[in-house]
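Descriptive structure summary
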Amino acid sequence: MSVDFLHPEKGAAIDTNVPALELRGIDKRFPGVVALDNVDFILEPGKIHALMGENGAGKSTLIKIIAGVYGKDAGTIRMRGREVDIKSPRDSLKEGIKVVFQEIALISEFTVAENIFLEGYPTGRAGSIDWKKIRADSAALFDRIGFNVDPSARTGSLPVSQQQMVEIARALAHEARVVVMDEPTSSLTPNEVSLLFTVIRRLAALGIAVVYVSHKLDEVFEIADTVTVLRDGRHISTRPIGEHTSDTLIQDMIGRRIDNLFPRKRGAAGSKIALSVEKLSTAKKLNDVSFEARAGEVLGFFGLMGAGRTELAKAIVGYDPITAGTITVDGSRLAPHDTRTGVKLGIGLLTEDRKSEGLMGELPVYQNASLASLGAFARLGFVDKASEHRAVQDYVDRFRIKTPSLFQQVKNLSGGNQQKVLIARWLMRGLKVIVVDEPTRGIDVGAKSEIFALIDRLAGEGLAVIMMTSEMPELLGLADRIAVMCEGRLTAIMSREEATQEKILNAAIG
Amino acid sequence: MSLAGTASAKAQPSMLARLFARQELALLVCLLLVLAFFSVTVENFFSVRNLTNVLGQASLPLIAGIGCAVVFISGEVDISIGSLLATIALPLIIIMNDTNSLLLGISGALLFGLIIGLVNGYLTAYAGINSLIVTLGTMFIMRGGVYLYTGQRAIPDDASLDSFIALSDGRLFNVLPYSAVIAIVLLAAFAYVMQHRPFGRQIYAVGGNQEVARLAGYDVRRVKFICFIISALLATVAGIILAARVGSAQHTAGLNFEFQVVAATVLGGVSLAGGIGSLTGMALGVLILQFLSNGLRGLGLPTEWQLVITGMIIIAAVAFDEAKRRRANGG
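Residues numbered from 1 in each chain as written. Chains lettered and ligands numbered in written order. Predicted model: local features only at pLDDT ≥ 70, side-chain atom pairs only at ≥ 80, totals over all residues. Heavy atoms only, no water.

1. A closer look at the overall build of chain B
Threshold: By definition, any uninterrupted DSSP run of H or I lasting at least four residues is a helix, any uninterrupted run of E lasting at least two residues is a strand, and each is numbered from the N terminus. To get the radius of gyration, use the C-alpha atoms; to get the globule rule, take the number of residues to the power 0.38 and multiply by 2.2 Å. Each residue's exposure class comes from its accessible area (1.4 Å probe, protein chains only) as a fraction of the maximum for that residue type: buried when under 20%, exposed when over 50%, partly exposed otherwise. Here, residues are in contact when the closest pair of their heavy atoms is within 4.5 Å. The Shrake-Rupley method, run with a 1.4 Å probe sphere, supplies the accessible areas, and residue values consider only the shown protein chains as cover.
A tally of helices and strands in chain B yields 15 helices and four strands. Computed over C-alpha atoms, the radius of gyration of chain B comes to 21 Å, within 12% of the 20 Å expected from 2.2 N^0.38 for 331 residues, which places it in the range of a compact globule. Along the longest, intermediate and shortest principal axes, the C-alpha atoms of chain B span 85 × 55 × 35 Å. Within chain B, the fraction of its 331 residues that count as buried is 50%. A fraction of 79% describes how many contacts in chain B between residues 6 or more apart in sequence connect residues 24 or more apart. As displayed, chain B offers around 15,500 Å² of accessible surface, 67% of which is attributable to carbon and sulfur atoms.

2. Topic: the side chain of arginine 201 of chain B
As a reminder, the rule being used: Counting of polar contacts relies on pairs of N or O atoms within 3.5 Å, with two restrictions inside protein: one atom must be capable of donating a hydrogen and the other of accepting it, and residues adjacent in sequence are counted only when both atoms are side-chain atoms.
With respect to the helices and strands, the residue arginine 201 of chain B is situated in helix H10 (residues 198-208). There is a polar contact of 2.6 Å between the side chain of arginine 201 of chain B and the side chain of glutamate 114 of chain A. Discounting chain neighbours no more than four positions away, the residues touching arginine 201 of chain B are Phe110, Glu114, Tyr121, Ile129 and Trp131 of chain A together with Met194 and Gln195 of chain B.

3. What to know about the pairing of strand E16 (residues 347-350) of chain A
All names here are of chain A. Short version of the rule: Should DSSP find at least two bridges between two strands, the strands are regarded as paired.
Residue alternation in E16 divides its side chains into two sets, Ile347 and Leu349 and Gly348 and Leu350, and both sets are buried. With four bridges connecting them, E16 and strand E19 (residues 433-437) associate as parallel partners. Considered in E19, the bridge of leucine 349 is made with valine 435.

4. Points about the interface of chain B and chain A
The condition that has to hold: In short, buried area is how much 1.4 Å probe accessible area vanishes from two parts on joining, totalled over both. We count a salt bridge whenever a side-chain nitrogen from Lys or Arg sits within 4 Å of a carboxyl oxygen from Asp or Glu.
Of the residues lining the interface, 25 residues belong to chain B; the matching set on chain A comes to 27 residues. Between chain B and chain A lies a buried interface of about 2,300 Å² when both sides are counted; carbon and sulfur atoms form 58% of it. In this assembly, chain B and chain A are joined by one salt bridge. Inspection of the region where chain B meets chain A yields nine residue pairs in polar contact (both at pLDDT 80 or more). Put simply, the parts of the chain that give the side of chain B that touches chain A at least two residues each are helix H9 (178-196), H10 and helix H11 (210-215) of chain B.

5. Concerning the packing of helix H4 (residues 48-73) of chain B against helix H12 (residues 220-246) of chain B
Residues and elements named next belong to chain B. Applied cut-off: To obtain each axis, a line is fitted to C-alpha atoms, and for helices this fit is confined to the stretch in contact; angles are then taken between N-to-C directions over 0 to 180 degrees. Working definition: roughly parallel below 35 degrees, roughly antiparallel above 145 degrees, roughly perpendicular at 65 to 115 degrees, and oblique for all remaining angles. Helix crossings are classified by the rotation of the near helix relative to the far one: an anticlockwise turn of less than a right angle makes the crossing left-handed, while a clockwise turn makes it right-handed. Residue polarity follows a fixed list, in which Ala, Val, Leu, Ile, Met, Phe, Trp, Tyr, Cys and Pro are nonpolar, Asp, Glu, Lys and Arg are charged, and the others, Gly among them, are polar.
Closest axis-to-axis distance for the H4/H12 pair is 7 Å, and the angle between their directions is 170°. Classed by the angle they form, the pair H4 and H12 counts as roughly antiparallel. Classified by chirality, the crossing of H12 by H4 is left-handed. Mapping the contact onto sequence places Gly56, Gln57, Ser59, Leu60, Ile63, Ala64, Ile66, Gly67, Cys68, Val70 and Val71 in H4 and Cys227, Phe228, Ile230, Ser231, Leu234, Val237, Ala238, Ile241, Leu242 and Arg245 in H12. Looking at the contact of H4 with H12 residue by residue, the classes come out as 15 nonpolar, five polar and one charged.

6. Some remarks on unusual backbone geometry
For residues besides glycine, phi is generally negative; the peptide bonds are generally trans as well. For aspartate 330 of chain A, which is not a glycine, the phi torsion comes out positive at approximately 50°. Mapping aspartate 330 of chain A onto the fold places it in the loop between strand E14 (324-329) and strand E15 (332-333). Within the chain, asparagine 256 of chain B stands out as a residue other than glycine whose phi angle is a positive 65°. Among the secondary structure elements, asparagine 256 of chain B is positioned in the loop between strand E4 (248-249) and helix H13 (257-267). Given the relative accessible area of 51%, asparagine 256 of chain B is considered exposed.

7. Comments concerning the confidence of the model for chain B
All names here are of chain B. How we decide: Note on scores: pLDDT gives the predictor's confidence for each residue, bounded by 0 and 100.
The pLDDT averaged across chain B works out to 86; a share of 92% of its residues lies at or above 70. Averaged pLDDT values for the elements of chain B fall to 34 in helix H1 (residues 6-9) and rise to 95 in H12. Under a pLDDT of 50 for its full length, residues 1-13 has, in the predicted model, eight contacts with residues more than four places off or in other chains.

8. Remarks on the sheet that holds strand E8 (residues 209-213) of chain A
Residues and elements named next belong to chain A. Read from one edge to the other, the open sheet built from six strands follows the order E6-E7-E8-E3-E9-E10, with strand pairing classed as mixed. The outermost strands of the open sheet, each flanked by one partner alone, are strand E6 (97-100) and strand E10 (234-240). On average, each strand axis in the sheet is inclined to that of its neighbour by 15°, with strand direction left out of account. Strand direction decides the pairing type here: strand E9 (residues 226-231) and E10, joined by six bridges, are antiparallel. Within the sheet, the bridge partner assigned to threonine 228 lies in E10 and is threonine 238. Taken strand by strand, helix H1 (residues 59-66) contacts strand E3 (48-53), E6, strand E7 (178-182), E8 and E9, and its axis lies near 135° from that of E3. Where helix H6 (residues 190-205) meets the sheet, it contacts E3, E7 and E8, and its direction lies at approximately 145° from that of E8.

9. As for the environment of glycine 117 of chain B
Residues and elements named next belong to chain B. Within the fold, glycine 117 resides in helix H6 (residues 102-126). For glycine 117, a relative accessible area of 0% puts it in the buried group. Counting along the chain gives 60 residues from glycine 117 to glutamine 57, while the straight-line C-alpha distance between them is 25 Å. Each residue touching glycine 117, except ones within four places of it in the same chain, is listed here: Phe228, Ile229 and Ala232.

10. Regarding helix H3 (residues 23-41) of chain B
Basically, it comes down to this: For a helix, the expected span equals 1.5 Å multiplied by the number of residues minus one.
When the terminal C-alpha atoms of H3 of chain B are compared, their 27 Å separation across 19 residues agrees well with the 27 Å that a helix rising 1.5 Å per residue should span. Three or more residues of H3 of chain B are buried, namely Gln23, Glu24, Ala26, Leu27, Leu31, Val34, Leu35 and Phe38 of chain B.

11. Some details on the pairing of strand E22 (residues 489-495) of chain A
All names here are of chain A. Two strands pair when backbone bridges link them, and strand E21 (residues 481-486) and E22 are joined in this way by six bridges, in the antiparallel orientation. Note on E22: the bridge partner recorded for isoleucine 482 is methionine 494. From the end of E21 to the start of E22, which pair antiparallel, there are two residues, and glutamate 487 there has a positive phi angle of about 50°.

12. Some thoughts on the sheet that holds E22 of chain A
All names here are of chain A. Judged by pairing direction, the sheet is mixed, and its six strands sit side by side in the order E16-E19-E20-E13-E21-E22 without closing on themselves. Two strands bound the open sheet, and with one partner strand each, they are E16 and E22. Each neighbouring strand pair of the sheet contributes to a mean axis angle of 20°, computed without reference to strand direction. Contacting strand E13 (298-302), E16, E19, strand E20 (464-469) and E21, helix H9 (residues 309-316) runs over the sheet at an angle of about 150° to E20. Each of E13, E21 and E22 is contacted by helix H17 (residues 501-509), which is oriented at about 30° to E21, the strand it contacts most.

13. Brief notes about the state of the cysteines
Between two cysteines, a covalent bond joining their sulfur atoms is known as a disulfide. All names here are of chain B. To be explicit about the condition: Sulfur atoms of two cysteines make up a disulfide when they are within 2.5 Å.
Throughout the structure, instances matching the rule amount to zero disulfides over all chains. You can see cysteine 30 has no disulfide; the closest cysteine sulfur is in cysteine 68, sitting 20 Å from it. For cysteine 30, a relative accessible area of 36% corresponds to the partly exposed category. Unpaired in terms of disulfides, cysteine 227 finds its nearest cysteine sulfur in cysteine 68, a separation of 12 Å.

14. Overview of the pattern of salt bridges
Residue and element names in this part refer to chain A. Within the structure shown, the criterion is met by 22 salt bridges over all chains. Residues aspartate 137 and lysine 133 are paired through a salt bridge, measuring 3.0 Å at the closest nitrogen-oxygen approach. Here aspartate 137 and its partner lysine 133 are both found in helix H4 (residues 131-145), four residues apart, which amounts to about one turn of the helix. For lysine 133, a relative accessible area of 36% puts it in the partly exposed group. Glutamate 297 is the partner of arginine 481 in a salt bridge, and the nearest nitrogen-oxygen pair spans 2.8 Å. Within this pair, whereas arginine 481 is found in strand E21, its partner glutamate 297 is found in the loop between strand E12 (289-294) and E13, the two being separated by 184 residues in sequence. Residue class for glutamate 297 comes out buried when judged on its relative accessible area of 1%.

The structure is reproduced here in structure tokens:
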């Protein structure tokens, strides 16, 4: 029997002796890559099972096979002992498998309530959609979870965090046997995360098997009963969480010890002002923000959700319009709302939202990397492909970008490698200032330290790095100076030496 | 410093702005302005006779427009409908001339329409060919076929069945043309399906985001396939009414009709990108263009100028729409 989160009394008791979902010997190949190699993954009903692994370890592929997005090349899938053939998302949903995907998968023109019941509209008389029930049940669902989302809002108008809550609620709207959550907390506040954890525990108590994918070790230690680690497409270990420490877990994930997540190799920052921002305001968020960044330094911006970090990032590279203030890059004024001059002057943004603002997923790696510097490869107005490829190959080698070839579509790369392609794009252009917005969002531990090393190297090469982050360790580990924002204002700037977590948090609360 | 309270401090959009945010309402206002303007400037414009005449003329683009809008909303296009009008008139007229049966004639026409819909739908949804190319191709094939078959001569309706002729000049209660009644019934039925049946919402979801629709368990290809069949069948109905009106199967029937329908659909706020727009909007778009054309003719403006004005209105309407959307998304 499957269980309905909203009406648990309707379901029958779940037999806890048979695995809810059992994958054995799963193989999956993509052109040039073995994504999964003979992987076993067994879910007990009523247990919370964390799935961990580095970039490209195969977690997403495994989940997509469970969800019916990809077909497997070999292996068997059993639901409660019965072999099933999952060929499409439809088959997976029918088996009671609900997946909360990392990338928001909602129809933005629909209301929140309609999105929640997308996979099956309740119908009333003569098959008409029962909109009343949809609205009432959505409201009840949010109530039950404790999330504050308006069911009648147009989904596309909501901030990412609320869309993530809608995703979560959607997985609970129908009867389920297995609920998979892939990085469900990337945009949630600590309070919302604890609400989510309460829900997950309640699901487990109802006998549902929960898969929890996360890069956040503390979350996994808090919520999981069992941990399975994948590495390079292979199953490495499945153990009760009690047998793990952070060290053993990281070791399983990367196969070696990370001694220092924040390797600092660069010297002290120079004295040259690379970026100067004065009294910057925007219509929606920023209010009188002034600061300077020197060549060779990492200036970290911290702030809680909605503090205005992303808005600041977009305004100073000329992406968004401003209402007051000046931006000076390397001595020259940047006209507001003008990315073209921004790029010319040498300021670029590494966006928080790689998929919609950074990458052209369908295009190959080399075109994504060379996009901002095509002029440099031009001969008589045509792009000289040979020198373009050589330049990109150089970065692929130096940054150790894992890709079968320069011609691979960039959407097929893992998050960390996509991030490196974007960094390559800006470095090729010869930047003086790079603004990085949440550089490690959706990227796991091993790859994170590579991104940190890259950022360190950028500053070492004389760039001013403006880093927007909501991760305290990242901030304290990487930044030379720390700026704190609250509700669109700059509330503090301090050197790393004088910074403490308490000071930073106090400034962030305002 | 409190974390709450900033949102409520933001200015609420004005009443007028919120009204205009509703696409259909803005279109309705435009339609009323058009009606008001010509009622004042053109004699006999605002008469039952003229208004119902225009409704009768509007019935063809209204009926075909339903199919066009449904296909747009699913994220595809169908420009084969004009040629389809000419094509299905052949089996219709020929079968009626042979059998003296309206029912058999209509059945033959619908069967032809169904086959064309199946071909368009299969090539787009299952063979994965771009729908603009597919329907451009079938548009040429059908038009060429009709020219070849008829030798560019009209095939007259010799059976002259009363019931068939009534489709062109019959009026319900002596007021509303039957063709307009058919259009209104079909419009109501499909508007209901699009808003209140799961299948209608699936069409919106598929057009809104194909990948999300697939993850929600929808058979995206099947949904699109069916949309093309709907479009072809509705264009067939329009074609039958047209054949009744001209009393023959003509090789030039429905020439440029597809663009007239696409124009009205786009004016009605149905996005070519898919997932956005409504049948009500499409219907208002059709009516605005029809009354405009009728009124301008009443003012004595030559057809050439009507084309120019229609073109400008469509671009202006879509530009307005785009500006509104940009402001709503705060960019």
